[in-house]
Every structure is written in C-alpha cells, then in structure tokens.
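Chains, contacts and geometry: an overview
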Amino acid sequence: MISRRLTWIAALLTSCVCTINAEELETTETTETSQKSTIELPAWVKNIKFSGYGMLQYQGQDPEGNHSNTFNLRLARFILDGKIGDFDWRAQIQGTNVKGPGEPTVQLVDLYAEWRRFPEFKVRAGQFKRAFTYENPTHPITQGWRAYADVINNLSGFGDRTGEKSSGGRDIGIQFSGDLFPNAKGRRVFHYQVGVYNGEGINEKDKDNRKDIIGGVWVMPIQGLRIGAFGWTGSRGAMLDPLTGETRSVEKNRYCLSAEYDKDEYTFRAEYIHSQGWGAAKPANNVREIDYSQGDKADGWYAFGIVPVIKSKLHAKARYQCYRSTKEWSSAKTSYEIGLNYFFTKNLEMHLEYARINDRNLAKHDYNLVDVELDFRF
C-alpha cells in the first residue's frame, strides 16, 4: 500500500514538473518572439520634432492710380528639428507668394547643423539667418507686424537692395557664436556672433569667390534689455554693369545699431542701418543689373512698441519706420502704423493694422494701408 502511494505521488510530482517546464518554455519563447518583433529606434530618430505655421492675410491700400485689396497666403512653413549628440539640426521648407498673389514660390530656407556643447562657443554650418540685426532672426509671427521693417527687407538680405531673390535674411556659410560672463544669477551678459557666407542669398553658390563677413555683439545689463552693434562687409557677384556691358561685383558695406527691451509681454525695439554699395535696378527677384541712378548709399530705421492690454490675450502696438533708398529725403518712404494683436490661444492669433504711408518716390506721396492676418502654429 505504501509503495503504491509513493509511486502515485512520484508520478504526480513528475507531471507537475513537466507542466511547469512546458509553461516556462512557452513563456520564454513568447518573450523571445516579442523581443524579436520590437524594433528599437535610434535616439536621433526619437528626437525629431515636426512643426510649422501658416499666415493668412488680407491687405488693402490706396496709392493714387494703384488701388488694391486682396486676400493672400502670406507664408507657410514646415519644419523638422532634431538632435544628434551635441549637434542640433533643422530643415525648413517655405511656401509663399513672394512675387505677389498667384505667383507662389516653394523653396528650402533652412538646412543647418549646430554644435552646442558649450554656451561660450557654438558652431553652425549650412543655410540659416545672417548674423545681422535683431529683427532678422525674429519669428515672422512673433515679430507682430504685417511685414518686417522696410529697412530690414532692403538691407538685411530679405528682398535685398542688391537684387538677390527674397531669402528671408539667409545665406549659406558658417557661424561662430557664444554667450559669456555669467553674473551672480547665472545670466550671461555678453553675446557675440560672426559668420562667413557666400554673399548670394539662399540656395546660391558664390558667384565671385569672395565671402561676406558679418558679425555682431551685444550686452545685456539687465534682464530683457539688449544693446548691440553689427557690421557687414562683402559683395554680390556677377552683376551686369550697364555702362560697360560687363559683369562685376558690387560691394556691401553695412553697419547696424540696435536696442531692444523684451520682457513680460512688453516689447520695444529700435534699429538703424547704413549701407554703402551700388544697388540693383530692382530689389529682390534675383535681378543682376546695377542701377547707378540710386546712388551707392542707403539707410533707414524703425522703432516700435508692443504692450499688453489684456495679458496673454490682447496687445496694442505702434511703429514708426523710414527707408531712404538713396540716403536722401527725396527717396524716403515713411510709415506710421498702429494696430492690435489678439490671441485666441497661444497657437492662434489675429493681427489688425492700419498704416499711413508717405512715399516721396510717388507723385502723390500719402496713402493708407489696412492689413488683417490670421496666424497659426502647429
């Protein structure tokens, strides 16, 4: 009897052990299969961020003999940002009616990588914003107006005086920058940046094997305040000289004086730019013919303030600007502008603006302009 019981218990234990081993084997196989079917993405892929924004516009103006009012797709951009080790990178594509309604342009505007291991010394290479002025690198929506100031458009590489195609202030090259001298609270009070560029604008090779050198410095004595200066020396190659019929380079020698206060939704900024060097027969649109009638000097300035009326909801703004294409008052275009910016959410806002413009290049100098924009980010 005892022998039979022992045999039965042994058989039962053997059965349990076999069942447990089978379950363990099945679990192991399932886990291995699961692990084999899981693909681990590289860290740089996980760090890629997709974003973008759009700017929808209505604008009406009444210069004598040239009245207009139109809806316009001002700007659309699609952006990829990423990080690989100590490098940040960006690729940005833009669609815009840069030549006017009905003439859209799609182009690569940013493609660069920046080594950012140390705040004191960073290196950026590729296509990106030139190191000139405070307003140039400002986001088009954050900038808060119907357009960048006229002097920025003409003398900071947007629709440049030298005729290069609209490039949003960008060029191809390499830039060194950094922030130095942290104070007791760790806030760094001095910034420098210097870049070497082709000098031809976006998506263009160098035409004369001469490089543009642009640099800037500013101090930040208190939080929110920047006071700075910039310099630019270079050329644009392959310009047609109408006097000789030959091609030559035109000089670009420029400087800018800048001041800005930006804190707690209060933004005040003023800049003056001076340029020496011949211009093209027509700004922007990749024109390459020198226009000697415009002289070899130009300058301009702007000053604006944007203040909160209802915090994070409604801002009021005013701007005064002037651009002189020949550095003479006879060529001055002056604008007096007021408006409101209303924020539906942090990613959706409406801009309203009225401008009274005095353009001495026109037979009747004065006219009005109204601009309404709906801007969104995603």
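Scope of this entry: the structure provided in the associated data block. Being a predicted model, the structure only gives us computed values, none of them experimental.

Grouped together as the largest cluster of nonpolar side chains are 25 residues, with contacts concentrated most on Phe132, Val151, Ile152 and Ile273. Those elements that provide at least two residues to this core are helix 4 (150-155), strand 8 (212-219), strand 9 (225-240) and strand 14 (297-310). When residues in this core are grouped by element, the largest group, four residues, is from strand 14. In this structure, Ile152 is in contact with Thr133, Glu135, Gly157, Phe158, Glu271, Ile273 and Tyr302, ignoring residues within four places of it in sequence.

As for its position among the elements, Asn361 is in the loop between strand 17 (348-359) and strand 18 (366-377). Asn361 sits in the partly exposed class, given a relative accessible area of 49%. For the pair Asn361 and Ser330, spaced 31 residues apart in sequence, the C-alpha to C-alpha distance is 7.2 Å. If near-sequence neighbours (up to four positions away) are discounted, Asn361 is found in contact with Ser330, Ser331 and Ala332. Engagement of the side chain of Asn361 in a polar contact is seen with the backbone oxygen of Ser331, the distance being 3.2 Å.

This part covers unusual backbone geometry. Positive phi values are uncommon outside glycine, yet Asn203 reaches one of about 55°. In this structure, Asn203 sits in the loop between strand 7 (188-197) and strand 8. Judged by its relative accessible area of 35%, Asn203 falls in the partly exposed class. Although it is not a glycine, Asp264 adopts a positive phi angle of roughly 55°.

About the thresholds
- Residues numbered from 1 in each chain as written.
- Predicted model: local features only at pLDDT ≥ 70, side-chain atom pairs only at ≥ 80, totals over all residues.
- Heavy atoms only, no water.
- Core = buried A, V, L, I, M, F, W, Y, C linked by side-chain atoms within 4.5 Å.
- Buried < 20%, exposed > 50% of the residue type's maximum accessible area, 1.4 Å probe, protein only.
- Helix = DSSP H or I, 4+ residues; strand = E, 2+ residues; numbered from the N terminus.
- Contact = heavy atoms within 4.5 Å.
- Polar contact = N/O pair within 3.5 Å; in protein donor to acceptor, adjacent residues only side chain to side chain.

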